[in-house]
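Structural overview
Below, each chain spelled out in residue letters.
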Amino acid sequence: MCLAIPGRIESIEAADDPINRMGKVSFGGILKDVNLAYVPEAGVGDYVIVHVGFALNKIDETEAEEVFRYLQEMELADEVSPGSAGDTG
Amino acid sequence: MRYIDEYRDPDGVRRLAEEIGRATGRAWTIMEVCGGQTHAIVRFGIDGLLPEGLTLVHGPGCPVCVTPIEIIDRAIGIASQRGVTLCSFGDMLRVPGSGKDLLRVKSEGGDVRIVYSPMDALRIAEANASREVVFFGVGFETTAPANGMAVYQAARRGVKNFSMLSAHVLVPPAMEAILSSECNRVNGFLAAGHVCAVMGYEEYEPIAARHRVPIVVTGFEPLDLLQGVLLCVRQLEEGRAEVENPYSRVVRREGNAEARRVMGEVFRVIDRKWRGIGMIPRSGLGLAEAYAEFDAEARFGVGGVSVEESGECISGLILRGLKKPVDCPAFGSRCTPERPLGATMVSGEGACAAYYKYRRHEAGPAGGRNNG
Ligand code: SF4
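Conventions used here
Residues numbered from 1 in each chain as written. Chains lettered and ligands numbered in written order. Predicted model: local features only at pLDDT ≥ 70, side-chain atom pairs only at ≥ 80, totals over all residues. Heavy atoms only, no water. Pairing = 2+ DSSP bridges. Helix = DSSP H or I, 4+ residues; strand = E, 2+ residues; numbered from the N terminus. Phe/Tyr/Trp six-rings, centres within 6.5 Å; stacked < 30°, edge-to-face > 60°. Buried < 20%, exposed > 50% of the residue type's maximum accessible area, 1.4 Å probe, protein only. Lys NZ or Arg CZ within 6 Å of the ring centre and 35° of its normal. Lys, Arg positive; Asp, Glu negative; His and termini not counted. Salt bridge = Lys/Arg side-chain N within 4 Å of Asp/Glu carboxyl O. Polar contact = N/O pair within 3.5 Å; in protein donor to acceptor, adjacent residues only side chain to side chain. Contact = heavy atoms within 4.5 Å. Near = heavy atom within 4 Å. Nonpolar A, V, L, I, M, F, W, Y, C, P; charged D, E, K, R; others polar. Axes fitted to C-alpha atoms, helices over the stretch in contact; angles between N-to-C directions. Parallel < 35°, antiparallel > 145°, perpendicular 65-115°, else oblique. Left-handed = near helix turned anticlockwise from the far one by under 90°. Core = buried A, V, L, I, M, F, W, Y, C linked by side-chain atoms within 4.5 Å. Domains from an automatic or database assignment. Buried area = accessible area lost by both parts, 1.4 Å probe. Disulfide = S-S within 2.5 Å.

**Quick look at the sheet that holds strand 2 (residues 54-58) of chain B**
All names here are of chain B.
- The five strands lie next to each other as 2-1-7-8-9, forming an open sheet whose pairing is parallel. Taken across any chain shown, the strands that pair with only one partner, and hence form the sheet edges, are strand 2 and strand 9 (243-244).
- Where strand 8 (residues 215-218) lies against strand 9, two bridges are found, and the strand directions are parallel. Bridge pairing links valine 216 to glutamate 244 in strand 9.

**Here we look at the packing of aromatic side chains**
- Tallied over the entire structure, the rule returns seven aromatic pairs over all chains.
- Taken together, a centroid distance of 6.3 Å and an interplanar angle of 35 degrees make the contact between phenylalanine 140 of chain B and tryptophan 274 of chain B tilted. Taken together, the positions of phenylalanine 140 of chain B in the loop between strand 5 (132-139) and helix 8 (144-157) and tryptophan 274 of chain B in strand 10 (residues 267-274) put the pair 134 residues apart, joining distant regions of the chain.
- Relative accessible area serves as the criterion here: at 2%, phenylalanine 140 of chain B is assigned to the buried category.
- Here tryptophan 274 of chain B falls in the buried class, since its relative accessible area comes to 1%.
- An angle of 75 degrees between the planes, with centres 6.3 Å apart, marks the rings of phenylalanine 331 of chain B and tyrosine 356 of chain B as edge-to-face. Residue phenylalanine 331 of chain B is located in the loop between helix 15 (315-319) and helix 16 (343-346), and its partner tyrosine 356 of chain B is located in helix 17 (residues 351-359); the two are separated by 25 residues in the primary sequence. One exposure class covers both phenylalanine 331 of chain B and tyrosine 356 of chain B, and it is buried.
- Here the basic side chain of lysine 32 of chain A rests over the ring of tyrosine 116 of chain B, its NZ or CZ set 4.2 Å away from the ring centre.
- Positioned over the ring face of tyrosine 355 of chain B is arginine 359 of chain B, at 5.2 Å from the centre of the ring.

**Side note on the side chain of glutamate 32 of chain B**
Residues and elements named next belong to chain B.
- You can see glutamate 32 is positioned in strand 1 (residues 28-32).
- No salt bridge forms around the buried glutamate 32; measuring N to O, its nearest opposite-charge neighbour lysine 324 is 7.4 Å away.
- At 2.6 Å, the side chain of glutamate 32 forms a polar contact with the side chain of histidine 58.
- Excluding residues within four positions of it along the chain, glutamate 32 makes contact with Gln37, Thr38, Ile41, Leu56, Val57, His58, Gly59 and Leu190.

**Things to note about the site of the ligand**
- By nearness alone, every residue bordering the ligand is listed as Cys313, Ile314, Ser315, Ile318, Cys328, Phe331, Cys335, Leu341, Gly342, Thr344, Met345 and Cys352 of chain B.
- Of the residues belonging to the shell around the ligand, the class tally is nine nonpolar, three polar and no charged.

**Section: the packing of helix 1 (residues 10-23) of chain B against helix 12 (residues 222-238) of chain B**
Residue and element names in this part refer to chain B.
- Across the interface, helix 1 lies against helix 12 with an axial gap of 9 Å and an inter-helix angle of 15 degrees. As far as their axial angle goes, helix 12 and helix 1 are roughly parallel. The handedness of the crossing between helix 1 and helix 12 comes out as left-handed. Here helix 1 contributes Gly12, Val13, Leu16, Glu19, Ile20 and Ala23 to the contact with helix 12, which in turn contributes Pro222, Leu223, Leu226, Gln227, Val229, Leu230, Val233, Arg234 and Glu237.
- Tallied by class, the residues present in the contact of helix 1 with helix 12 amount to 10 nonpolar, two polar and three charged.

**A short note on the nonpolar core**
Residue and element names in this part refer to chain B.
- Counting residues in hydrophobic clusters, the biggest one holds 106 residues, and the most contacted among them are Ile30, Phe162, Phe189, Tyr204, Ile215 and Val229.
- Viewed by domain, this core spans two of them, domain 1 (4-62 + 185-244) and domain 2 (64-170 + 255-300), each represented by three or more residues.
- Excluding its chain neighbours within four sequence positions, the residues that come into contact with isoleucine 30 are Leu54, Thr55, Leu56, Val57, Gly188, Phe189, Leu190, Val229, Cys232, Val233 and Leu236.
- Among the nonpolar cores identified, the runner-up in size contains 27 residues, and Ile71, Ile76, Leu86 and Val105 belong to it.

**Describing the pattern of salt bridges**
All names here are of chain B.
- Per the stated rule, a full pass over the model turns up 30 salt bridges over all chains.
- Where arginine 253 meets glutamate 202, a salt bridge forms, and the shortest distance between an N and an O atom there is 3.8 Å. Highlighted residues: arginine 253 in the loop between strand 9 and helix 13 (257-266) and glutamate 202 in the loop between helix 10 (193-199) and helix 11 (204-211), separated in sequence by 51 residues.
- Taking relative accessible area as the criterion, glutamate 202 reaches 34% and is therefore assigned partly exposed.
- Within the structure, one salt-bridge network assembled from shared partners comprises Asp11, Arg14 and Glu18.

**Looking at the pairing of strand 10 of chain B**
- Inspection of the sheet shows strand 10 of chain B paired to strand 11 (residues 278-287) of chain B by seven bridges, in the antiparallel sense. Residue pairing for strand 11 of chain B: isoleucine 270 of chain B is matched across the bridge by glycine 284 of chain B.

**Let's talk about the domain arrangement of chain B**
Residues and elements named next belong to chain B.
- What the domain assignment reports for chain B is domain 1 (4-62 + 185-244), domain 2 (64-170 + 255-300) and domain 3 (315-358).
- Using only C-alpha atoms to locate each centre, domain 1 and domain 2 end up separated by 31 Å.
- Looking only at domain 1, the three residues that lose the most surface to domain 2 are Cys62, Val198 and Met199, adding up to 55% of its buried area.
- Seen at the junction of domain 1 and domain 2, the total is zero salt bridges.
- Taken together, domain 1 and domain 2 are joined by seven residue pairs in polar contact (both at pLDDT 80 or more).
- In terms of residue class, the side of domain 1 that touches domain 2 is made up of eight nonpolar, three polar and one charged.

**Looking at the state of the cysteines**
- One pass over the structure, following the stated rule, counts zero disulfides over all chains.
- In this model cysteine 232 of chain B remains outside any disulfide bridge; the closest cysteine sulfur is found in cysteine 196 of chain B, 13 Å from its own.

**Let's talk about the pairing of strand 3 (residues 84-88) of chain B**
All names here are of chain B.
- Along strand 3, five of the five residues are buried, which leaves the element largely enclosed by surrounding structure.
- Residues Val84, Leu86 and Ser88 line one face of strand 3 and the alternating positions Thr85 and Cys87 line the opposite face, and both faces are buried.
- Of the pairings in the sheet, the one linking strand 3 to strand 5 comprises four bridges and is parallel in character. Bridging across to strand 5, threonine 85 finds its partner in valine 133.
- The sheet contact formed by strand 3 and strand 4 (residues 111-114) spans four bridges and is parallel.

Set out below in structure tokens:
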């Protein structure tokens, strides 16, 4: 029910009022009309997370790398502390 | 797809699982409170990657599952009236009321429609001025801003033949209710990422402090889920009880200001009964005073009735993290998604339905218990 999926804003329609802001969002090539009223900061090319026809938030590209940086740090830590690699405790 | 596939990387999954194994020194029970996460955990077998003693339990994470039967009956009562078109999300139509479900009303000639977005219901109202169009609005804080917008726009555009039956529920009060229960066994929470996308996570800070539980804002892909578990376990092992947000690509501390503004305008916080759990104070959303004319419950004069649940169903215990679906004697035999006895078998995101889809075989031959 709270399923929200990431998609890329392909175009934004001109709106008289920000509360009516609509755009086309691509989900792996499939285009859908999405209400953009809640993401006034998002523009064409940005990724947003979409739920029941509404973009809930813009996806932060820098933060999106976090878990991979974290994994990398773990790998480095493994290398500097010999014996821990492969030790699944 | 971008922002999905990379978070399913098997190498990263293995690495995080190993790290969780190293970090876990004692037995802990962690609850996720989002049906989408329950579904992903069961689908990807995340719980199977965890060390012995580290248990994931599934909370009341599905708004469809916790909607009381009497509200379903109200929707059925409204949908059965002449000149009414009732719209809702697909899951809602299959939930059995005390007598029938909404799909049955449809097959009996009622105008019941599945919509993808609440705005579709508003469009139907604008295109059919002679009909009363009712949107059956269910959902957590994730969905409330979208549903709220339909009412907000109906008011702005003067759409008089539109109204909403509100069955919205709020997550933090349910977490409090679980933690305050005498039989609570939850040590830490994975907070629902998309609820937090709207609400932020400030409101979890007092809960973490008061009940001494770590709360980790968690996303929906395997790497997200494992990272959530890892951070939660680390806190537990170190005796910390903080709110952490590794799902920062989507969630900011303050949430989404514009969504919260519309929600705050259209709705007011009310006491709400949760199916399987009971009354939880200040845990639901009803329409605010200024939008009372859009309240379908008042417009159609339905209300009152209370209904008994199936005596066999243990979904109340499952929703509080005290039992797993395979502990239920009816699971997979007398209770299936085609003929659900209880709340958690109804929606695809209910714990019983997720177990039925991915690990039916774990139940004993007679649907008996199997605690592994
Ligand atoms: S399997 Fe069916 S009867 Fe058993 S707890 Fe789940 S929903 Fe209730």
